[in-house]
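Overview (structure and organization)
Single-letter residue listing:
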Amino acid sequence: MQQRISLVTLGVADVARARAFYERLGWRGQEVEETVFFQAGGSALVLWGRDKLADDAGVTDPGDDGFGGLSLAQNVHSRAEVDAVLADAVAAGATLTRPARVTFYGGYAGCFTDPDGHVWEIAYNPGLPLAEDGSLIVPDFGSA
């Protein structure tokens, strides 16, 4: 298996509501057969009905809507950009779950949840450089 991710699909309760939220953040999506696709660098973020996603994956959805042990993250170029993205997310309807603060690794980060409870971390991390286009560059940490 190649080391890459092509799609991240979020199971949502209401596709139209979820799409509207992400579009308020400035993302631009395309809907095909009740599924919304957002280009996200070299991959895509997809919104699909939670029940359909569970059925397609062959799993039972307990419907807890609690933390599922997964978070999405977007690294940005500065502390000021962290603050701006978090403010934009809250204005778009997100719930701020952790205000931005200095992190143990010398960066700066905060978290929010989207209307379906998916956790997003917005972070500035000087140890994980970004290319000009915003793509993350994982450095050689000197360990295996």
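Structural notes, computed from the coordinates. The structure presented is a predicted model; accordingly, all values stated were derived computationally and were not measured.

Brief notes about the overall build of the chain
Scanning the chain for helices and strands turns up three helices and eight strands. Counted from the first residue to the last, the chain has its helices and strands arranged as β-α-β-β-β-α-β-α-β-β-β. Computed over the C-alpha atoms, the radius of gyration of the chain is 16 Å, within 12% of the 15 Å expected from 2.2 N^0.38 for a compact globule of 144 residues. In terms of its C-alpha atoms, the chain occupies a principal-axis envelope of roughly 40 × 40 × 30 Å. Within the chain, the proportion of its 144 residues that are buried is 30%. Counting contacts in the chain only where the partners sit at least 6 residues apart, residues at least 24 apart contribute 47% of the total. When the accessible surface of the chain is split by element, carbon and sulfur atoms take 52% of a total near 9,100 Å².

Re the side chain of D114
Looking at where D114 falls in the secondary structure, it is placed in the loop between β7 (108-113) and β8 (119-124). Excluding its chain neighbours within four sequence positions, the residues that come into contact with D114 are L10, F21 and Y22.

Overview of the sheet that holds strand β1 (residues 7-12)
Spatial strand order, β1-β4-β3-β2: four strands in an open sheet with mixed pairing. What marks the edges here is a single partner per strand, and that holds for β1 and β2 (29-32). On average, each strand axis in the sheet is tilted by 25 degrees relative to the strand beside it, whichever way the strands run. Bridging between strand β3 (residues 35-40) and strand β4 (residues 43-49) involves six bridges; their strand directions are antiparallel. Following the sheet pairing, F38 is matched in β4 by L45. Lying over the sheet, helix α1 (residues 15-24) contacts β1, β2, β3 and β4, oriented at roughly 145 degrees with respect to β4. Along the sheet face, helix α2 (residues 50-57) touches β1 and β4 and points at about 105 degrees away from the line of β4.

A look at the sheet that holds strand β5 (residues 71-75)
The strand order across the open sheet formed by four strands is β5-β8-β7-β6, and the pairing between neighbours is mixed. The sheet terminates laterally at β5 and β6 (95-102), the two strands that pair on one side only. With direction set aside, neighbouring strand axes in the sheet form an average angle of 15 degrees. In terms of strand pairing, β6 meets β7 through five bridges, oriented antiparallel. Directly across from R101, in β7, lies its bridge partner A109. The sheet strands contacting helix α3 (residues 79-92) are β5, β6, β7 and β8, and the helix crosses β7 at an angle near 10 degrees.

Observations concerning α3
Between its terminal C-alpha atoms α3 stretches 20 Å, which fits the 20 Å expected from 14 residues at 1.5 Å a residue. Among all positions of α3, only V82, L86, A89 and A92 are buried. When α3 is viewed along its axis, its buried side chains cluster within an angular range of 125 degrees and face the same direction. Projecting away from the buried face of α3 at angles above 90 degrees are the exposed residues A80 and A91. Check the buried side of α3 and you find it contacts α1, β6, β7 and β8.

Structural notes on the nonpolar core
Formed by 22 residues in total, the largest nonpolar core has its most connected members in L10, Y22, F38, L45, L47, F112 and W120. Of all the secondary-structure elements, those providing two or more residues to this core are β1, α1, β3, β4, α3, β7 and β8. Here L45 is in contact with V8, L10, Y22, W27, V36, F37, F38, A40, L72 and W120, once residues within four sequence places are set aside.

Conventions used here
- Residues numbered from 1 in each chain as written.
- Predicted model: local features only at pLDDT ≥ 70, side-chain atom pairs only at ≥ 80, totals over all residues.
- Heavy atoms only, no water.
- Helix = DSSP H or I, 4+ residues; strand = E, 2+ residues; numbered from the N terminus.
- Rg over C-alpha atoms; globule rule 2.2 N^0.38 Å.
- Buried < 20%, exposed > 50% of the residue type's maximum accessible area, 1.4 Å probe, protein only.
- Contact = heavy atoms within 4.5 Å.
- Areas by Shrake-Rupley, 256 points an atom, 1.4 Å probe, with all protein chains shown as cover.
- Pairing = 2+ DSSP bridges.
- Axes fitted to C-alpha atoms, helices over the stretch in contact; angles between N-to-C directions.
- Expected span 1.5 Å × (residues − 1).
- Arc of directions from axis to C-beta.
- Core = buried A, V, L, I, M, F, W, Y, C linked by side-chain atoms within 4.5 Å.

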